[in-house]
Amino acid sequence: EPMSIRRTIEHRVLQDLMYAAIHVQSDATFQSILTVLEPLHEDKKNKDVANMLHRLYSPILWRALAASRPEVRKNAVTVLAKFFPMHDPLVPQGQNSIK
C-alpha cells in the first residue's frame, strides 16, 4: 500500500508539475514551478531521486523537445539542462537508453 501511495504522489503531483512546467506559457509560472521542483533537481545525485526523475520526465521531456510550440521547446531545454545528464542510475550503463 505505501508504494501505491508513493506512485500516486509521483504521477499525480510531481509528474503533473513537470508537465505543467514544460507546457506553461508564462515565464513567471514556469520559474515558480521550477522553484517547487528545484529540491529534486538538486538531489539528482541520489540514485533513487535520479531514477524517479528519469522515470517521470522521460515520457514528457522528449516529446516536448519536438513540440510545435517554441515556448514548450524552450522550457523543455531549460529543464533538460537542469537535469542533465538524464539517465537511470539503477540500470547498468550499457543498457541505459531513453525510450
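Placed above this text is the structure.
Residues numbered from 1 in each chain as written. Predicted model: local features only at pLDDT ≥ 70, side-chain atom pairs only at ≥ 80, totals over all residues. Heavy atoms only, no water.

Another aspect to go through is the side chain of Gln15. Looking at the element boundaries, Gln15 is found in helix α1 (residues 2–23). Reaching out from Gln15, the side chain makes a polar contact with the side chain of His11 at a distance of 3.1 Å. In contact with Gln15, not counting residues within four places along its chain, are Glu10, Arg55, Leu56, Pro59 and Ile60. (Helix = DSSP H or I, 4+ residues; strand = E, 2+ residues; numbered from the N terminus. Polar contact = N/O pair within 3.5 Å; in protein donor to acceptor, adjacent residues only side chain to side chain. Contact = heavy atoms within 4.5 Å.)

Quick look at helix α4 (residues 70–83) now. For α4, spanning 14 residues, the distance from its first C-alpha to its last is 20 Å, which sits close to the expected 20 Å at 1.5 Å a residue. Within α4 the residues assigned to the buried category are Val72, Asn75, Ala76, Val79, Leu80 and Phe83. Viewed end-on, α4 has its buried residues packed into an arc of 135°, placing them on one side of the element. (Expected span 1.5 Å × (residues − 1). Buried < 20%, exposed > 50% of the residue type's maximum accessible area, 1.4 Å probe, protein only. Arc of directions from axis to C-beta.)

Okay, the environment of Arg12 next. Within the fold, Arg12 resides in helix α1. As for Arg12 and Ser26, which are separated by 14 residues in sequence, their C-alpha atoms are 22 Å apart.

In the contact formed by helix α2 (residues 27–42) and α4, the axes pass within 12 Å of each other and the chain directions differ by 20°. On the basis of their axis angle, the class for α2 and α4 is roughly parallel. At the point where α2 passes α4, the crossing takes the right-handed sense. Residues Asp27, Phe30, Leu34, Glu38 and His41 of α2 lie in contact with α4, whose contacting residues are Lys74, Asn75, Thr78, Val79 and Lys82. Grouping the amino acids of the contact of α2 with α4 by side-chain chemistry returns three nonpolar, three polar and four charged. (Axes fitted to C-alpha atoms, helices over the stretch in contact; angles between N-to-C directions. Parallel < 35°, antiparallel > 145°, perpendicular 65-115°, else oblique. Left-handed = near helix turned anticlockwise from the far one by under 90°. Nonpolar A, V, L, I, M, F, W, Y, C, P; charged D, E, K, R; others polar.)

The subject of this paragraph is helix α3 (residues 47–65). Its 19 residues place the ends of α3 25 Å apart at the C-alpha level, agreeing with the 27 Å of an ideal helix rising 1.5 Å per residue. Within the sequence span of α3, burial applies to Val49, Ala50, Asn51, Met52, Leu53, His54, Leu56, Tyr57, Ser58, Ile60, Leu61 and Ala64. The opening residue of α3, the one whose side-chain oxygen lies 2.8 Å from the backbone nitrogen of Asp48, is Asn46.

Mapping His41 onto the fold places it in helix α2. Between the C-alpha atoms of His41 and Pro89, which are 48 residues apart in sequence, the distance is 15 Å. If near-sequence neighbours (up to four positions away) are discounted, His41 is found in contact with Leu34, Leu53, Tyr57 and Lys82. Engagement of the side chain of His41 in a polar contact is seen with the side chain of Tyr57, the distance being 2.8 Å.

Before going further, it helps to spend a moment on the packing of aromatic side chains. A complete count under the given rule lists zero aromatic pairs for this structure. When the ring centre of Phe30 is taken as reference, the NZ or CZ atom of Lys74 above it lies at 5.7 Å. (Phe/Tyr/Trp six-rings, centres within 6.5 Å; stacked < 30°, edge-to-face > 60°. Lys NZ or Arg CZ within 6 Å of the ring centre and 35° of its normal.)

Just geometry here; none of it tells us what the structure is for.
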